[in-house]
Amino acid sequence: MTQDLLAFGTRLREWRDRTAPEELGLPAGPRRKVPGLRREELAAFADLSVDYLIRLEQGNAVHPSSEVITALGRALRLPRVEIDLLHQLAGLVPPTDLEVPTHLSPGTQRLLDRLGDVPVAAYDATWTLIAANSMWRQLLGVADSTPGVNLVQTTFTNMPTRVRTTPEYRDRLCRSLVADLRSSSVRYPADLRLQALLRELIDHNAAFAAAWSDRRAEPFTAETKQVEHPDFGNLWFDCDVLNAADGDTRVVAYTAPRGSLSAEALTALRSSSPDRPAFNATL
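Please read these numbers as outputs of a predicted model, since none were measured by experiment.

## Some words on the packing of helix α1 (residues 3-18) against helix α5 (residues 80-89)
Then step 1. Axis separation between α1 and α5 bottoms out at 8 Å; the angle between their running directions is 150°. In terms of axis orientation, α1 runs roughly antiparallel to α5. Along its contact with α1, which presents D4, L5, A7, F8, R11, W15 and R18, the element α5 presents E82, L85, L86 and L89.
Then step 2. Looking at the contact of α1 with α5, its residues break down into 7 nonpolar, no polar and 4 charged.

Right, here's the structure in full:
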């Protein structure tokens, strides 16, 4: 057991104690015996076992991975400087500004938490899904809601989706995604995950390779999207993309006009949504 790992565990316990349950959508309740989060709650939000979290806090877990640290940072709503400190205490090199950030800043996370009435998801600069709320999962299904799925890859490989598109819209979407990915490749030249994604698509997907060499770009603007839901049939939504500068995150939201059949479907989905944390933020 090293001093750094002991310090890692101490910091983790301190930050768990200071995190208000309400920040994660949990009731504070008068019967809580500990300040902040319980171990079981943090483990659930970070998708870790309670036993492993105990070993981390005691300094007995050897070399926690960057993925584990990032998941803990998201669950605890840590700013990047504190996530970097956990990396250092674990003997890891923190992500640099030349790599695509995969964390959600506390401010962006709070924004997403407050959008729980609409389907909303957050993507990183490679269009890899970081987090999706319960409404997003209920509207679009598991395939489009699993953290780690890449929208560029699924779009160009025609993966099954509930979203229905016209050829014209799909062409605009593909050009927009490629242009955005090209910009990301300039900003993050050292990101190995982005380089691997580009190599795979250029080498094995003719449509992507053609779009990449074409260098035409169309900005992604608000679009109307059709979703074929298994319970409610064809629904229509306005799809908007909001860019969060902190973390270079794309926040995508689906909304519908008040009184429309699609809005009524969202109300029905919301009423059937289980009482659970809004976001699954584990890659």
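## As for the state of the cysteines
Then step 1. Tallied over the full model, the rule gives 0 disulfides.
Then step 2. No disulfide involves C174; its sulfur sits 14 Å from the nearest other cysteine sulfur, which is in C239.
Then step 3. The class for C239 is buried, based on a relative accessible area of 1%.

## Comments concerning the pairing of strand β2 (residues 129-133)
Then step 1. Among the 5 residues that make up β2, 5 are buried, leaving the element largely enclosed by the rest of the structure.
Then step 2. Between strand β1 (residues 120-123) and the antiparallel strand that follows it, β2, lie 5 residues; W127 among them carries a positive phi value of about 65°.

## A few points about helix α2 (residues 39-46)
Then step 1. Within the sequence span of α2, burial applies to E41, L42, A43, F45 and A46.
Then step 2. Where α2 is buried, its residues meet α1, α3 (50-57) and α4 (66-75).
Then step 3. D47 occupies a position one or two residues after α2 and carries a positive phi of about 60°.

Calculation rules
Residues numbered from 1 in each chain as written. Predicted model: local features only at pLDDT ≥ 70, side-chain atom pairs only at ≥ 80, totals over all residues. Heavy atoms only, no water. Axes fitted to C-alpha atoms, helices over the stretch in contact; angles between N-to-C directions. Helix = DSSP H or I, 4+ residues; strand = E, 2+ residues; numbered from the N terminus. Parallel < 35°, antiparallel > 145°, perpendicular 65-115°, else oblique. Contact = heavy atoms within 4.5 Å. Nonpolar A, V, L, I, M, F, W, Y, C, P; charged D, E, K, R; others polar. Disulfide = S-S within 2.5 Å. Buried < 20%, exposed > 50% of the residue type's maximum accessible area, 1.4 Å probe, protein only. Pairing = 2+ DSSP bridges.

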